[in-house]
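A closer look at the structure
These are the residues of each chain, in order.
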Amino acid sequence: MRIVLVGPPGAGKGTQATLLAKTLSIPHVSTGDLFRANISQGTELGLAAKSIMDSGKLVPDEVTIAMAKDRLEQSDADGGFLLDGFPRNVPQALALDEILEQRGIELDGVLDLEVPEDEVVRRIAGRRICRNEGNHVFHVEYNPPAEEGVCDVCGGELYQRSDDTEESVRVRLEVYHTQTEPIIEYYRKQGLVTTIPALGKVDEVTARAIEALRRNRDSDS
Ligand code: AP5
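In this report, the structure presented in the accompanying data block is examined. Keep in mind the model is a prediction, meaning the values are calculated, not measured. Every chain is numbered independently, its residues counted from 1 as its sequence is written. Whole-chain, interface and lining totals are the exception, using all residues; otherwise, since this is a predicted model, local features are given only for residues with pLDDT of at least 70 and side-chain atom pairs are given and counted only at 80 or more. Water and hydrogen atoms play no part in the side-chain values, which are based on all heavy atoms of the structure.

1. What to know about the overall build of the protein
Put simply, the test is: Strands here mean DSSP runs of E at least two residues long; helices mean DSSP runs of H or I at least four residues long; both are numbered from the N terminus. Radius of gyration: C-alpha atoms only; globule rule: 2.2 Å multiplied by the number of residues to the exponent 0.38. A 1.4 Å probe rolled over the protein chains alone gives each residue an accessible area, and that area as a share of the maximum for its type sets the label: buried under 20%, exposed over 50%, partly exposed in between.
Scanning the protein for helices and strands turns up eight helices and eight strands. The C-alpha radius of gyration computed for the protein amounts to 17 Å, which stays within 12% of the reference 17 Å derived for 221 residues, consistent with globular compactness. Each of the three principal axes of the protein carries a C-alpha extent, and together these read 50 × 40 × 35 Å. For the protein, with 221 residues in total, the buried portion stands at 45%.

What follows is the structure, encoded as structure tokens:
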């Protein structure tokens with residue numbers, strides 16, 4: 001399956017993508033995680049992206065599209081992928097169409113996670129992630145680690161993302177409404193979008209997502 005996950009910052013895209021990718025046996029491709037990996041490795045790309053990410057704005061399309069294309073060309077994505085955080089504006093959606101068209105493949109669906117803004121702010125404010133592995137994600141209230149500041153999975157140090165500040169979150173939400181929401185409309189016109197409520201426990205949201213993808217697949221066959 002080739003799926004795009006969309007939703008505001010803090011909606012739970014990364015949390016759900018990790019679980020869904022495991023269930024569907026496809027790689028989870030997160031442009032945010034790819035940028036953060038570049039930052040922690042101190043690459044040129046990471047250095048260029050860091051201040052833009054901290055401000056809450058989008059990294060330029062040219063850089064982002066090249067990075068996403070490169071990742072999607074890796075062999076583990078041949079059998080499908082779950083895109084989290086890409087595309088994030090209409091030019092990126094058009095670029096993704098081109099990448100897929102060149103390979104003679106299409107998207108199977110777009111899963112849109114709907115969460116009220118006050119909940120998004122609560123989720124981001126309490127989020128803690130592991131220094132060893134960005135996909136080990138906790139929340140001080142909703143999913144606290146057994147020992148404060150320590151990752152349950154690998155013992156790594158938990159920290160708060162540098163773009164999870166009040167100012168950056170305000171910009172990220174604004175960017176989401178003005179630049180990312182139009183791609184939902186773009187994909188809706190192609191009959192690809194399923195919107196699911198993403199409030200409730202993590203496993204309840206996962207069950208809704210799996211059900212939505214199953215319905216989507218059955219209606220296509
Ligand atoms: P990115 O990393 O993609 O950030 P984002 O879209 O803002 O999304 P988040 O990672 O903040 O949230 P999420 O939806 O994954 O939520 P999570 O699962 O962690 O991008 C960061 C930056 O990189 C961008 O601002 C931009 O600068 C740059 N960038 C990335 N892609 C780009 C692109 N394509 N083009 C240009 N620039 C790009 O959950 C949040 C918290 O809630 C966690 O603590 C979690 O434990 C908790 N939680 C999750 N689900 C639940 C639940 N059901 N109940 C209670 N708590 C929950």
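There's plenty left to go through after this.
2. Thoughts on the sheet that holds strand E5 (residues 127–130)
Note the following rule: Pairing between strands requires that DSSP locate at least two bridges from one strand to the other.
In space, the three strands of this open sheet follow the order E6-E5-E7, with antiparallel pairing throughout. This sheet does not close on itself; its edge strands, each paired only once, are strand E6 (137–139) and strand E7 (158–159). Relative to E7, E5 runs antiparallel, the two sharing two bridges. Its bridge partner lying in E7, Ile 129 is registered against Tyr 159.

3. Brief notes about the site of the ligand
For clarity, the threshold we go by: Near, as used in this document, describes a residue that has one of its heavy atoms within 4 Å of the molecule or strand being considered. Counting of polar contacts relies on pairs of N or O atoms within 3.5 Å, with two restrictions inside protein: one atom must be capable of donating a hydrogen and the other of accepting it, and residues adjacent in sequence are counted only when both atoms are side-chain atoms. Using a 1.4 Å probe, accessible areas were evaluated by the Shrake-Rupley method; residue-level cover was limited to the displayed protein chains.
Around the ligand, the structure places 34 residues, and the nearest of them are Thr 15, Lys 57, Arg 88, Arg 127 and Arg 172. Residue Lys 57 places a main-chain N or O atom 2.6 Å away from an oxygen atom belonging to the ligand. Here Arg 172 contributes a side-chain N or O atom positioned 2.7 Å from an oxygen atom of the ligand. Alone, the ligand offers 1000 Å² of accessible surface; in the complex the protein occludes 96% of this. Elements represented by at least two residues in the shell around the ligand include exactly helix H1 (13–24), helix H2 (31–41), E6 and helix H8 (202–220).

4. Re the packing of helix H6 (residues 117–126) against helix H7 (residues 166–188)
Definition in use: All axes here are fitted lines through C-alpha atoms, helices being fitted over the stretch that makes contact, and every angle between N-to-C directions spans 0 to 180 degrees. If an angle is under 35 degrees, it is roughly parallel; if it is over 145, roughly antiparallel; if it lies from 65 to 115, roughly perpendicular; otherwise it is oblique. Handedness of each helix crossing follows the sense of rotation of the near helix against the far helix: counterclockwise by less than a right angle gives left-handed, clockwise gives right-handed. Should any heavy atoms of two residues lie within 4.5 Å, those residues are counted as being in contact. Residues are grouped as follows: nonpolar covers Ala, Val, Leu, Ile, Met, Phe, Trp, Tyr, Cys and Pro; charged covers Asp, Glu, Lys and Arg; every other residue, Gly included, is treated as polar.
Close contact between H6 and H7 brings their axes to 12 Å; oriented N to C, the two are set at 135°. Relative to H7, the element H6 lies oblique. Note that H6 runs across H7; the crossing there is right-handed. Between H6 and H7, the contacting residues are Glu 117, Val 120 and Ile 124 on the first element and Val 169, Arg 172, Leu 173 and His 177 on the second. Classifying every residue of the contact of H6 with H7 by side-chain character gives four nonpolar, one polar and two charged.

5. Some details on the nonpolar core
The condition that has to hold: What we call a nonpolar core is a set of buried Ala, Val, Leu, Ile, Met, Phe, Trp, Tyr and Cys residues that are connected through their side-chain atoms within 4.5 Å.
Judged by nonpolar contacts, the single largest core of 22 residues is most densely connected at Val 4, Phe 81, Leu 83, Leu 96, Leu 107, Val 110 and Tyr 187. If you list the elements that add at least two residues to this core, you get strand E1 (2–6), helix H4 (61–72), strand E3 (81–84), helix H5 (90–102) and H7. With residues up to four places along the chain from it excluded, the contact list for Leu 83 reads Ile 3, Val 4, Leu 5, Val 29, Leu 72 and Leu 96. In terms of nonpolar packing, the next biggest core, distinct from the first, is built from 20 residues, Leu 5, Ala 11, Ala 17 and Leu 20 among them.

6. Details of the pattern of salt bridges
Heads up, the rule is: A pairing counts as a salt bridge when a side-chain nitrogen of Lys or Arg comes within 4 Å of a carboxyl oxygen of Asp or Glu.
According to the stated counting rule, one finds 16 salt bridges in the structure shown. Note that Glu 119 is salt-bridged to Arg 123, the shortest N-O span being 3.0 Å. Note that Glu 119 and Arg 123 are positioned in helix H6 at a spacing of four residues, about one turn of the helix. We classify Arg 123 as buried; its relative accessible area is 14%. Between Glu 211 and Arg 214 there is a salt bridge; the shortest N-O distance is 3.8 Å. One end of the pair is Glu 211 and the other is Arg 214, both in helix H8 and three residues apart, which spans about a single turn. Under the relative-accessibility criterion, Glu 211 is labelled partly exposed at 36%. Since its relative accessible area comes to 40%, Arg 214 is described here as partly exposed. Each member of the salt-bridge network shares a partner with another, and the members are Arg 127, Arg 161, Asp 163, Asp 164 and Arg 172.

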